[in-house]
Amino acid sequence: WAQVTGLLDWEQRFERMQNHTGEHLVSGTVHRLYGLDNIGFHLGDRDVTCDFNGELTDEQLREVEKVVNRAVWENVEVFAEYPDPATLPDLDYRSKLELTEDVRLVTIPGYDVCACCAPHVRSTGEVGIIRMPDFIHYKGGVRIHMKCGSDAVRDYQVKFREISASAALFSLKQ
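The written sequence of each chain sets the order in which its residues are numbered from 1. Per-residue local features are limited, in this predicted model, to residues with pLDDT of at least 70; the limit for side-chain atom pairs, both in listing and counting, is 80 or more; totals at the level of whole chains, interfaces and linings are taken over all residues. Neither water nor hydrogens contribute to the side-chain values; these are computed over all heavy atoms in the structure.

(A) Seen up close, helix 2 (residues 58-74). Note on conventions: DSSP H or I runs of at least 4 residues are helices, E runs of at least 2 residues are strands, and numbering of each starts at the N terminus. The span expected for a helix works out to 1.5 Å for each residue beyond the first. The end-to-end C-alpha distance of helix 2, which contains 17 residues, comes to 24 Å, matching closely the 24 Å that a straight helix rising 1.5 Å per residue would cover. Turning to helix 2, its buried residues number three or more, namely Leu-61, Val-64, Glu-65, Val-67, Val-68, Asn-69, Ala-71 and Val-72. Note on definitions: a residue-residue contact is assigned when non-hydrogen atoms from the two residues lie within 4.5 Å. Against helix 1 (10-34), strand 6 (130-138) and strand 7 (141-148) lie the buried residues of helix 2. Exposure classes here rest on a 1.4 Å probe applied to the protein chains alone. A residue is buried below 20% of its type maximum, exposed above 50%, and partly exposed in between.

Structure (structure tokens):
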């Protein structure tokens, strides 16, 4: 046996938890409102993307953004549990795979129930804010670019500085 000491980068982990929980809110809401499934998710250092198996309009995405931010303001508790395998076939949840045992369900009441093994925040208020600044049509569906929590705040700060600098160049109000 050897003693090992680990160091957790809590800031980075929490930012990823904010973004991942935000993805649950977005994916669950898109599924509930428009019947589309999340078929891809990427959580990178600078970008988070969600791919869906159908197209959405800008107006629909603004509605999703409104709904998920309402969930943030409601500060809904996030639950993780391992349901009894015998009851699993009767449960309605999102999953990319057919699962039969050791299934961990993450539930955000009213917004999402999904099989997932990743860490999440304790309640939706910890997500902070969810912003979906861009989307593209991708492989017959749509890819949403999103930022949550402190990532969204930093993005707003950068954009505000850029708008301020551009406005100053042309002697315009922002």
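Now that the structure has been shown, the text picks up again.
(B) Focus on the layout of surface pockets. What the largest pocket holds in volume is close to 410 Å³. Definitions used throughout: a 1 Å grid over protein atoms alone; a cavity as a set of points that fits a 1.4 Å probe which cannot get out; a pocket as an open set with protein on both sides within 12 Å along at least five of seven lines; a lining residue as one with an atom within 4 Å of a point. Around the largest pocket, the lining comprises 19 residues; the ones closest to its centre are Arg-94, Ser-95, Lys-96, Cys-114 and Ala-115. Mapped onto the lining of the largest pocket, the elements with two or more residues apiece are helix 1, strand 1 (38-43) and strand 5 (112-115). No other element matches the 5 residues that helix 1 contributes to the lining of the largest pocket. A volume near 180 Å³ is recorded for the second largest pocket. Forming the boundary of the second largest pocket are Gly-28, His-31, Arg-32, Asp-92, Tyr-93, Arg-94, Ile-108, Gly-110, Tyr-111, Asp-112 and Val-113. When contributions to the lining of the second largest pocket are tallied by element, the ones reaching two or more residues are helix 1 and strand 5. The biggest single contributor to the lining of the second largest pocket is helix 1, with 3 residues. Lys, Arg, Asp and Glu make up the charged group, whereas Ala, Val, Leu, Ile, Met, Phe, Trp, Tyr, Cys and Pro make up the nonpolar group; the residues left over, Gly among them, are polar. Split into classes, the residues belonging to the lining of the second largest pocket amount to 4 nonpolar, 3 polar and 4 charged. Grid points are joined across faces, edges and corners, and a volume is the space filled by probe spheres set on the points.

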